Amino acid sequence: QVQLVESGGGLVQPGGSLRLSCAASGSIFTIYTMAWYRQAPGKQREMVAVINKGGSANYADSVKGRFTISRDNAKNTAYLQMISLQPEDTADYYCNMQIAETDSLYFDYWGQGTQVTVSS
(Lines give C-alpha, C1' and ligand atoms only; values in the text may rest on other atoms or scores of the structure.)
Protein backbone atom coordinates (compact mmCIF):
# COMPACT_ATOMS: atom_id res chain seq x y z
CA GLN A 1 0.00 0.00 0.00
CA VAL A 2 1.27 3.44 -0.91
CA GLN A 3 1.08 6.38 1.48
CA LEU A 4 1.85 10.05 1.03
CA VAL A 5 2.83 12.07 4.08
CA GLU A 6 2.96 15.84 3.91
CA SER A 7 4.71 18.28 6.20
CA GLY A 8 5.73 21.91 6.39
CA GLY A 9 2.48 23.84 6.65
CA GLY A 10 1.79 26.47 9.25
CA LEU A 11 1.10 30.11 9.98
CA VAL A 12 3.19 32.75 8.23
CA GLN A 13 2.98 36.50 7.85
CA PRO A 14 2.34 38.10 4.45
CA GLY A 15 5.56 38.20 2.49
CA GLY A 16 6.90 35.16 4.30
CA SER A 17 8.01 31.77 3.04
CA LEU A 18 7.22 28.13 3.64
CA ARG A 19 8.46 24.86 2.22
CA LEU A 20 6.11 21.91 1.94
CA SER A 21 7.30 18.32 1.61
CA CYS A 22 5.48 15.18 0.55
CA ALA A 23 7.11 11.78 0.96
CA ALA A 24 5.74 8.64 -0.65
CA SER A 25 6.31 5.22 0.87
CA GLY A 26 5.21 1.67 0.25
CA SER A 27 5.27 -0.53 -2.80
CA ILE A 28 6.56 1.89 -5.45
CA PHE A 29 7.89 0.91 -8.84
CA THR A 30 8.06 4.42 -10.23
CA ILE A 31 6.45 7.82 -9.78
CA TYR A 32 5.30 9.79 -12.80
CA THR A 33 3.92 13.23 -12.07
CA MET A 34 4.04 14.89 -8.68
CA ALA A 35 1.74 17.81 -8.04
CA TRP A 36 0.47 20.18 -5.41
CA TYR A 37 -3.15 21.27 -5.17
CA ARG A 38 -4.84 23.61 -2.75
CA GLN A 39 -8.34 24.18 -1.51
CA ALA A 40 -9.40 27.36 0.22
CA PRO A 41 -12.55 27.48 2.37
CA GLY A 42 -15.63 27.56 0.18
CA LYS A 43 -13.65 27.10 -3.02
CA GLN A 44 -12.88 24.22 -5.35
CA ARG A 45 -9.58 22.42 -5.22
CA GLU A 46 -7.14 23.87 -7.74
CA MET A 47 -3.83 22.72 -9.17
CA VAL A 48 -0.93 24.84 -7.96
CA ALA A 49 2.08 23.16 -9.55
CA VAL A 50 2.97 19.92 -11.30
CA ILE A 51 6.31 18.34 -12.20
CA ASN A 52 6.93 15.36 -14.41
CA LYS A 53 9.50 12.64 -13.94
CA GLY A 54 11.98 14.50 -16.11
CA GLY A 55 11.73 17.63 -14.03
CA SER A 56 9.60 19.85 -16.26
CA ALA A 57 7.18 21.93 -14.21
CA ASN A 58 4.02 23.93 -14.76
CA TYR A 59 2.34 26.40 -12.46
CA ALA A 60 -0.98 28.09 -11.92
CA ASP A 61 -0.82 31.71 -13.07
CA SER A 62 -1.52 32.90 -9.53
CA VAL A 63 1.72 31.42 -8.17
CA LYS A 64 4.14 31.81 -11.07
CA GLY A 65 7.35 33.45 -9.93
CA ARG A 66 6.58 32.80 -6.25
CA PHE A 67 6.25 29.03 -5.92
CA THR A 68 8.75 26.40 -7.05
CA ILE A 69 8.00 22.70 -7.26
CA SER A 70 10.82 20.19 -7.17
CA ARG A 71 11.30 16.47 -6.62
CA ASP A 72 13.87 14.05 -5.32
CA ASN A 73 13.30 10.80 -7.18
CA ALA A 74 15.69 8.87 -4.95
CA LYS A 75 13.64 9.85 -1.91
CA ASN A 76 10.21 9.66 -3.61
CA THR A 77 9.60 13.16 -2.32
CA ALA A 78 8.03 16.30 -3.73
CA TYR A 79 8.65 19.81 -2.46
CA LEU A 80 6.88 23.12 -2.83
CA GLN A 81 8.93 26.20 -1.99
CA MET A 82 6.64 29.17 -1.47
CA ILE A 83 7.86 32.75 -1.18
CA SER A 84 6.14 36.13 -1.04
CA LEU A 85 3.09 34.47 0.47
CA GLN A 86 -0.14 36.44 0.50
CA PRO A 87 -3.40 36.00 2.41
CA GLU A 88 -5.03 34.63 -0.74
CA ASP A 89 -2.57 31.70 -0.58
CA THR A 90 -4.29 30.52 2.60
CA ALA A 91 -5.63 27.03 1.96
CA ASP A 92 -5.22 23.36 2.66
CA TYR A 93 -2.44 22.09 0.40
CA TYR A 94 -2.56 18.53 -0.95
CA CYS A 95 0.14 16.47 -2.57
CA ASN A 96 -0.79 14.25 -5.51
CA MET A 97 1.35 11.61 -7.19
CA GLN A 98 0.84 9.20 -10.06
CA ILE A 99 2.45 6.05 -8.73
CA ALA A 100 2.99 2.71 -10.39
CA GLU A 101 3.36 -0.30 -8.11
CA THR A 102 4.20 -2.47 -11.11
CA ASP A 103 5.60 -1.61 -14.50
CA SER A 104 2.24 -1.43 -16.23
CA LEU A 105 -0.37 0.48 -14.28
CA TYR A 106 -0.41 3.62 -12.16
CA PHE A 107 -2.90 5.22 -9.79
CA ASP A 108 -3.44 8.64 -8.31
CA TYR A 109 -2.55 8.99 -4.65
CA TRP A 110 -3.27 11.93 -2.35
CA GLY A 111 -1.69 13.20 0.82
CA GLN A 112 -3.75 14.05 3.88
CA GLY A 113 -3.36 17.78 3.39
CA THR A 114 -1.41 20.42 5.27
CA GLN A 115 -2.79 23.79 6.27
CA VAL A 116 -1.12 27.02 5.19
CA THR A 117 -2.37 30.22 6.78
CA VAL A 118 -1.02 33.60 5.70
CA SER A 119 -2.02 36.27 8.16
CA SER A 120 -0.57 39.15 10.13
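Structure's up top.
Everything numeric in this text was worked out from a predicted model, so none of it was measured.

A. Examining the pattern of salt bridges more closely. This structure, assessed with the given rule, holds 4 salt bridges. One salt bridge in this structure joins Arg-38 and Asp-89, with 2.9 Å as the shortest N-O distance. Here Arg-38 is found in strand β4 (residues 30-39), whereas its partner Asp-89 is found in the loop between β8 (77-82) and β9 (91-100), with 51 residues between them in sequence. In this structure Arg-38 comes out as buried when scored by relative accessible area, which is 7%. Residue Asp-89 is classed as buried on the basis of its relative accessible area of 1%. Note that Asp-61 is salt-bridged to Lys-64, the shortest N-O span being 3.1 Å.

B. Structural view of the state of the cysteines. In the structure shown here, the tally under the stated rule is 1 disulfide. Two residues, Cys-22 and Cys-95, share a disulfide whose sulfurs are 2.2 Å apart. Taking the sign of the S-S torsion, -85 degrees for the link of Cys-22 and Cys-95, the bridge is left-handed. Of this pair, Cys-22 sits in strand β3 (residues 18-25) while Cys-95 is found in strand β9, placing the two residues 73 residues apart along the sequence. One exposure class covers both Cys-22 and Cys-95, and it is buried.

Definitions and cut-offs
Residues numbered from 1 in each chain as written. Predicted model: local features only at pLDDT ≥ 70, side-chain atom pairs only at ≥ 80, totals over all residues. Heavy atoms only, no water. Salt bridge = Lys/Arg side-chain N within 4 Å of Asp/Glu carboxyl O. Helix = DSSP H or I, 4+ residues; strand = E, 2+ residues; numbered from the N terminus. Buried < 20%, exposed > 50% of the residue type's maximum accessible area, 1.4 Å probe, protein only. Disulfide = S-S within 2.5 Å.

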